[in-house]
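# Structural overview for review
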Amino acid sequence: MTANCPDATRPVPPQETDATLHFTGPATFGRVPRLDQVGIADIAVVGVPFDAGVSYRPGARFGANAVREASRQLRPYNPALDVYPFHYAQVADAGDITANPHNIDQAVESVEAGADALLSTGAQLMTLGGDHTIALPLLRSVARRHGPVALLHFDAHLDTWDSHFGAQYTHGTPFRRAVEEGLLDTSALSHVGTRGSLYSKEDLDEDTKLGFGIVTAADVMRRGVDEVVQQLKERIGKRPLYISVDIDVLDPAHAPGTGTPEAGGLTSRELLEIVRGLADCYVVSADLVEVAPAYDHAEITAVAASHIAYELITLMSRQIAFFRWVEENKPS
């Protein structure tokens, strides 16, 4: 793996001084530079303001910018993993991918093309949605680069339904399509945080046939974070891993600003600790979706989302720095 940064030197991090006011200036994610300011990035933060695939409350098209605004106070050092994520790798905000809000098929094509363009530079993606429909075109692009990937899917819902009102591409269908298209390594698929009512017991049976294992929100509560992380890591192994986070995996007390809330979810602390526990996994890209700020209160949801994205970036930054060190220290 080759990681890139401007002029093949050190990354350009957010500027921090004693006089830095985090609440001023352009709202890039974590106040990192824009992609056009650094030219090329190891990790590209990109928004997809699209929510035409939702089945209940709309509004996730405004999620990416809400997360950017809430990320202003993120700081350079992550003590949980002892990493300076914006110093270890070049993180840049790539702006938004324009997706047709009136035509889901065209939107899916646009997201795939936009992801292809960013991945072709050697970057990894931290995508901010948008609704969960966008996971399918993102996975198409990632699988084109890495082959079938392991998937860790944090969500209240399965998102493996076949269709909704006859539509094949919705926020409830991306992972069924991804399995059908051969984008996923079906020996390493996991849902985490599922709960709530279903249309039928057959939903679970069909999900199992697709290859998914399930860790429910209740499992996390009863078994604890450490045991759950160990189970997930055993299932993932050393495979390239894509992580997809629907913010509704959190309980509405921790994330009210989402389109399909379900009671009984994870706490912000539980989710952050599970993500941190994946530090040794080979994370190749990630998304965070379904933040709908119209239903948020005091930025509770957006703040949680920004911290989750920060932890995902930390995982990728840490491994990029390691691979770069290995490359630079190869025997000549």
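To start, this report covers the structure provided alongside it. Not measured: the values here are computed from a predicted model.

Along helix H7 (residues 202-210), the residues that are buried comprise Asp 203, Asp 207 and Leu 210. Considered in projection along H7, the buried side chains sweep an arc of 55° and stay on one side of the axis. Facing away from the buried surface of H7 by more than 90 degrees, the exposed residues are Glu 202, Thr 208 and Lys 209. Here the buried face of H7 lies against helix H6 (174-180), strand E5 (184-194) and strand E6 (212-216). Once H7 finishes, Gly 211 follows within two positions and takes phi at roughly 110°, a positive value.

Using the criterion set out here, one finds five aromatic pairs in the structure. Ring centres of Phe 86 and Tyr 310 lie 5.9 Å apart, and the angle between their planes is 70°; on these two criteria the pair is classed as edge-to-face. Of this pair, Phe 86 sits in helix H3 (residues 85-88) while Tyr 310 sits in helix H11 (residues 300-328), placing them 224 residues apart in sequence. Here Tyr 310 falls in the buried class, since its relative accessible area comes to 5%. A centroid spacing of 6.2 Å and a plane angle of 85° characterise the contact between Trp 161 and Tyr 199, whose relative ring orientation is edge-to-face. Taken together, the positions of Trp 161 in the loop between strand E4 (149-154) and H6 and Tyr 199 in the loop between E5 and H7 put the pair 38 residues apart, joining distant regions of the chain. Here Tyr 199 falls in the exposed class, since its relative accessible area comes to 69%. Each member of the aromatic cluster is reached from another via a ring pair, and the members are Tyr 282, Phe 322 and Phe 323. The aromatic ring of Tyr 295 is capped on one face by Arg 57, whose charged end is 4.1 Å from the ring centroid.

Bridge count for E5 against E6 is five bridges, and the pairing is parallel. Residue Val 192 lies in a different strand from E6, and its bridge partner there is Val 215. The parallel pair E5 and E6, bridged by H7, forms a crossover whose chirality is right-handed.

The next thing to look at is the packing of helix H4 (residues 104-119) against helix H5 (residues 135-146). At a minimum axis separation of 8 Å, H4 and H5 run at an interaxial angle of 35°. Helix-helix and strand crossings are classified by hand; for H4 and H5 the assignment is right-handed. Only Pro 137, Leu 138, Arg 140, Ser 141, Val 142, Arg 144 and Arg 145 of H5 make contact with H4, whose side of the interface consists of Val 108, Val 111, Glu 112, Ala 115, Asp 116 and Leu 119. Residues that form the contact of H4 with H5 fall into these classes: seven nonpolar, one polar and five charged.

Cut-offs used in this document
Residues numbered from 1 in each chain as written. Predicted model: local features only at pLDDT ≥ 70, side-chain atom pairs only at ≥ 80, totals over all residues. Heavy atoms only, no water. Buried < 20%, exposed > 50% of the residue type's maximum accessible area, 1.4 Å probe, protein only. Helix = DSSP H or I, 4+ residues; strand = E, 2+ residues; numbered from the N terminus. Arc of directions from axis to C-beta. Contact = heavy atoms within 4.5 Å. Phe/Tyr/Trp six-rings, centres within 6.5 Å; stacked < 30°, edge-to-face > 60°. Lys NZ or Arg CZ within 6 Å of the ring centre and 35° of its normal. Pairing = 2+ DSSP bridges. Right-handed = clockwise from strand over helix to strand, strands pointing away. Axes fitted to C-alpha atoms, helices over the stretch in contact; angles between N-to-C directions. Left-handed = near helix turned anticlockwise from the far one by under 90°. Nonpolar A, V, L, I, M, F, W, Y, C, P; charged D, E, K, R; others polar.

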